[in-house]
Every structure is written in C-alpha cells, then in structure tokens.
Amino acid sequence: MSHIVVLGAGVIGLSSALRVQAEGHTVTIVARDFPTGSETVDAQSQINYTSPWGGAHNRLVPPTTPSEEREHAMSLRTFDHMRAVQSRQPEAGITFMKGIEYVEAPSEAYSALTEDKALKQLRMEGFRLLPSEELPQGVTWGCEYDTWCVNPMVYCSYLLRRFAILGGKVLKREVRDPREIFHLNFEAGPVDTVINASGNGFGDENMFITRGQTCLVANACPATVTRQNADGSWTFSVPRNFDGGTIIGGTKEPNNWDSKPSLEVRETLLRKFTATYPQILGSEGKFTVMKDIVGRRPTRKGGMRLEAENLDGNKRIIHAYGLGGRGYELSWGVADEVARLLAGPSSSI
Ligand SMILES: Cc1cc2nc3c(=O)[nH]c(=O)nc-3n(C[C@H](O)[C@H](O)[C@H](O)COP(=O)(O)OP(=O)(O)OC[C@H]3O[C@@H](n4cnc5c(N)ncnc54)[C@H](O)[C@@H]3O)c2cc1C
Ligand SMILES: *[C@@H]1O[C@H](CO)[C@@H](O)[C@H](O)[C@H]1NC(C)=O
Ligand SMILES: *[C@@H]1O[C@H](CO)[C@@H](O)[C@H](O)[C@H]1NC(C)=O
C-alpha cells in the first residue's frame, strides 16, 4: 500500500480521502482551508473555499445526455451513502426530507417525466407529480421526492474527524502546484500519488467560477424547495438543520468575481421565496436574516475533470475537480471513481 496525498479539504477532497483510506492506503490531506464552524469561516479571505458556502441539497436533474446520466448515477450512489451514514452517525449533519421542485416553463425533460419512470428507472424514492392545485401561482409543473440536505460545515467537520480517527494525517499548507507535493517531506514517507481536489484551483483554462449569492435566515423550513423561473433565475431554500437556519437562494452568475453581497439581491431572493413558499415566515410572519453569503462554484467547461495523469518516475496525479454546483450531490460517486482510478494500472494513460 502506498502513501497518497489529497490536495484539498472541501467536500471532494475529504470524501476522496476517506474512500482511498478505506482501500488501506496511508493518506495525508494537504490544504489551505479546512472545515471549521460556519460562524468563523471568513467571507473574504476564504471566498475561494467553496464548500462552506454551498447549500447543500440533493436535487433531481432529469438526465438527457450521457454526462447527465453519469452524474445521475453518482447522485444515486451518494444518496445511498448518505442514508447509510445518517443511520449510523446522526451527528454527521445529514437530514432526510422532501425535495419539492417547481418549474414555470418546463422543458421536455420535465414535462415527459412520468411517476413510473422517476420511481423505477431514475430510482427517485417517494417521487410524486404534484397536481395543479398544489402548485404556487405561475408554476406549471411540480414534483416531490425523498432527498437529503447537509449542514455543510457540520458534515465536512464530521468527514475530517472520521478521517483523523482512522489514522489520516493533515498538513495545513498552501502550495503553488500539486506537483510541489512530491517534493515535501512527510513522516509517512514519499508520495506516490496526489489527488488534485483543489476546487477552483489554478491554471486549468477551462475552469471558471459561477458566483452564487444566498441569504442565511434563522427561519426553519421542513423541506428543500426549488423553483426554476421562466426568466432563467432560481428561487430555492435549503434547510441547514442542526441549528443552522435555512439558506434562501440564489443566483448563478458565470465569471462574476464580485465578492460583496448585494442588499438588493437579498431582498429579491427573500421576496420571491415568500411568494413560492409563504410557510417559511412562520408564526412571526417575517424573516430573521443572519447573513448574506457569496460563493464561487468551481465550474468547468465540458464538465468535471476526473482522470489520472502519469508523471515521470512512477508518480501520478488524479484530478477530481470542477464540480460546479453539484459537489455535495455527487461527492461519493466522485470518490468511488477516484478509488477506481487509483487501483488502475499507473501506465493506463
Ligand atoms: C451558493 C452555492 C450553493 C451551492 N449549493 C449546492 C447544493 O445545493 N448542492 C451541491 O451539491 N453543491 C452545491 N454547491 C456547490 C458545492 O458547494 C461545490 O461543488 C463544492 O463545495 C466544491 O467542493 P470542492 O471540494 O471541489 O472545492 P472547495 O470546497 O473549494 O475545496 C478546495 C480545497 O482545495 C484547497 N486548495 C485550493 N487551492 C489550494 C492551494 N493552492 N494550496 C493548498 N490548498 C488549496 C482549499 O483550501 C480547499 O481545502 C453550491 C455552491 C454555492 C456557491
Ligand atoms: C481567489 O482566487 C483568485 C483567482 O485565482 C485570486 O485572484 C484571488 O486572489 C483569490 N482570493 C483570495 C481571497 O484568496
Ligand atoms: C489541479 O486542479 C486545478 C483545479 O483546481 C487545476 O486548475 C490545475 O491545473 C490542476 N493541476 C495540474 C498540475 O494539472
């Protein structure tokens, strides 16, 4: 068994580290940012660390292309894993609940979806199409299904704790390139493989960010609700249980590097969500705003990069980045693929 370094302690690095550790390897995580209480993550200096700023919920994306099919399979794999962890370790920060979807102008992928197909072929447990009397004004298609949400920093801290108790080591360090890691001195010995889970990372010209502004409110919400508006904008809630409030979102703005939240956007998000799901206001009839959030989804032209690259001297990098807005949803599918690439012959590419 060999010494593997995972570069990155976002949801992808942490899941991959645990998965590879389960194969019997010695694993060290090297990262600039590690999970911490969400109250203390710095909105400016840690804006490039995406995992604290994600929702994070699991949603159905009805697959219509081979890459969407692959992602759907990864989301099912993650769903099963989340359920197993949740039943074993309720402190992990995972909650199962209903996912409600509302669409104003459904594409064929939605309008052609039958309950039979969703339940049997797409394996969406608890799937039900919503009759028109259950839809908010302006919505023409809706469904609900069983899904999960995590409180991101509770969940990521759980992954890190689990990794440590199983013998994993960590090094808090910023590097300029993953290749630098092969030259560092580790107690666990020389490094054979680096897993590049650096999120927004460096240098890949296909990478871009998708800015997301959301608002964290103290109000509780019993379901995760997503509405796709006809103008292309999104209105959603993601409960952050374990006393984390609820995320009300959110924008998707490719290549917008503005790190400051806009008050006007906050007001629009809250107003649109109230029109969609008035129950959110609770008995007090108002929102209690905790903070505005800006995050940068690590997005990649052509989709995620999940492949092995051989370097000289029997060294390898396994790339696992570019998860965009789906890092949590697909995390365990990605981790499985990382383990598969690691087990594969190092001369395969
Ligand atoms: C508003 C918003 C809502 C979202 N909602 C959801 C959702 O509902 N469901 C979902 O699945 N996803 C959601 N996402 C997306 C999700 O948060 C990301 O896909 C995920 O967090 C990406 O994780 P990652 O591990 O790839 O990257 P990151 O979390 O960014 O982690 C990268 C790691 O690499 C380290 N690193 C980077 N560069 C260096 C370096 N040079 N040296 C050392 N370390 C380095 C960092 O310190 C960090 O530890 C959302 C994102 C946003 C912004
Ligand atoms: C975030 O990443 C960008 C692009 O690499 C960089 O220019 C910026 O300095 C980083 N911000 C912080 C706060 O590290
Ligand atoms: C590692 O991943 C980052 C994305 O996070 C990418 O920009 C970079 O090119 C990768 N490193 C190498 C050596 O390929």
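The structure under discussion appears in the preceding block.
Note that the coordinates shown come from a computational prediction; the quantities given were computed from them, not determined experimentally.

Asks: Lay out the site of ligand 1 with the relevant residues and their values.
Replies: Taken together, 37 residues are adjacent to ligand 1, and D33, S51, V175, F202 and G324 come closest. Between ligand 1 and Y328 there is a distance of 2.9 Å, counted from an oxygen atom to a backbone nitrogen or oxygen. Surface burial for ligand 1 is 98%, taken as the share of its 1000 Å² of free accessible area covered by protein chains. Elements that contribute at least two residues to the shell around ligand 1 include exactly α1 (11-21), β13 (289-300) and α7 (327-343). Among the elements that make up the shell around ligand 1, the one with the highest residue count is β13 (four residues). Its residues placed into classes, the shell around ligand 1 shows 14 nonpolar, 15 polar and eight charged.

Asks: I'd like a rundown of the sheet that holds strand β1 (residues 3-7), residues and numbers included.
Replies: Taken in spatial order, the six strands line up as β6-β2-β1-β7-β15-β14 in an open sheet, and their pairing is mixed. The open sheet has two edge strands with one neighbour each: β6 (169-172) and β14 (305-311). When the angles between neighbouring strand axes are averaged without regard to direction, this sheet yields 20 degrees. Pairing of strand β2 (residues 26-31) with β6, which is carried by four bridges, proceeds in the parallel orientation. Following the sheet pairing, V30 is matched in β6 by L171. Contacting β1, β7 (193-196), β14 and β15 (315-321), α7 crosses the sheet at an angle of about 165 degrees to β15.

Asks: Give me the lowdown on the side chain of R300, citing residues and values where you can.
Replies: Here R300 is to be found in strand β13. Taking relative accessible area as the criterion, R300 reaches 17% and is therefore assigned buried. A distance of 2.9 Å separates a polar atom in the side chain of R300 from a polar atom in the side chain of D204. Excluding anything up to four places from it in sequence, R300 contacts D204, N206, M207, F208, R305, Y321 and G322.

Asks: Go over the packing of aromatic side chains with me, naming the residues and quoting the values.
Replies: Considering all chains together, one arrives at five aromatic pairs under this definition. Seen in terms of ring centroids, Y155 and Y328 are 6.5 Å apart; in terms of plane orientation they differ by 55 degrees. Their pairing is tilted. Here Y328 lies in helix α7 and Y155 lies in helix α5 (residues 152-165), a separation of 173 residues in the sequence. The class for Y155 is buried, based on a relative accessible area of 1%. Between the aromatic rings of F273 and Y277, the centroid separation amounts to 5.9 Å while the plane-to-plane angle is 40 degrees, which identifies the pairing as tilted. Residue F273 is classed as buried on the basis of its relative accessible area of 0%. Each residue in the set Y155, Y158 and Y328 is aromatic and connected to the rest through ring pairs, giving one cluster. We note K252 situated over the ring of W234; from NZ or CZ to the ring centre the distance is 3.6 Å.

Conventions we followed
Think of each chain on its own: its residues are numbered from 1, step by step along the sequence as written. As a convention, the first chain written is A and the first ligand written is 1, with the rest following in written order. Where local features are concerned, this predicted model is filtered to residues with pLDDT of at least 70; where side-chain atom pairs are given and counted, the filter is 80 or more; whole-chain, interface and lining totals use all residues. Side-chain measures were taken over the full set of non-hydrogen atoms in the model, leaving aside hydrogen atoms and water. The cutoff for a nearby residue is simple: one of its non-hydrogen atoms must lie within 4 Å of the molecule or strand. Here a polar contact is taken to be a pair of N or O atoms separated by no more than 3.5 Å, where protein atoms must pair a possible hydrogen donor with a possible acceptor and residues adjacent in sequence count only if both atoms sit in side chains. Values of accessible area rely on a 1.4 Å probe in the Shrake-Rupley scheme; residue burial ignores everything except the protein chains shown. Under the scheme used here, helices are H or I runs from DSSP no shorter than 4 residues and strands are E runs no shorter than 2 residues, and both carry numbers assigned from the N terminus. Ten residue types, Ala, Val, Leu, Ile, Met, Phe, Trp, Tyr, Cys and Pro, are classed as nonpolar, four, Asp, Glu, Lys and Arg, as charged, and the remainder, Gly among them, as polar. Only strands joined by at least two bridges in the DSSP assignment are considered to pair. Angular values range over 0 to 180 degrees, each being the angle between N-to-C directions of two axes fitted as lines to C-alpha atoms, with helices fitted over their stretch in contact. Pairs of residues are marked as contacts when any of their non-hydrogen atoms sit within 4.5 Å. Burial classification: accessible surface area is computed with a 1.4 Å probe over protein chains only, and a residue below 20% of its type maximum counts as buried, one above 50% as exposed, and the rest as partly exposed. The criterion for an aromatic pair is that two Phe, Tyr or Trp rings (for Trp, the six-membered ring) have centres within 6.5 Å, with stacked assigned to planes under 30 degrees apart, edge-to-face to planes over 60 apart and tilted to the rest. When the NZ atom of lysine or the CZ atom of arginine is within 6 Å of a ring's centre and also within 35 degrees of its normal, the charge is said to sit over that ring.

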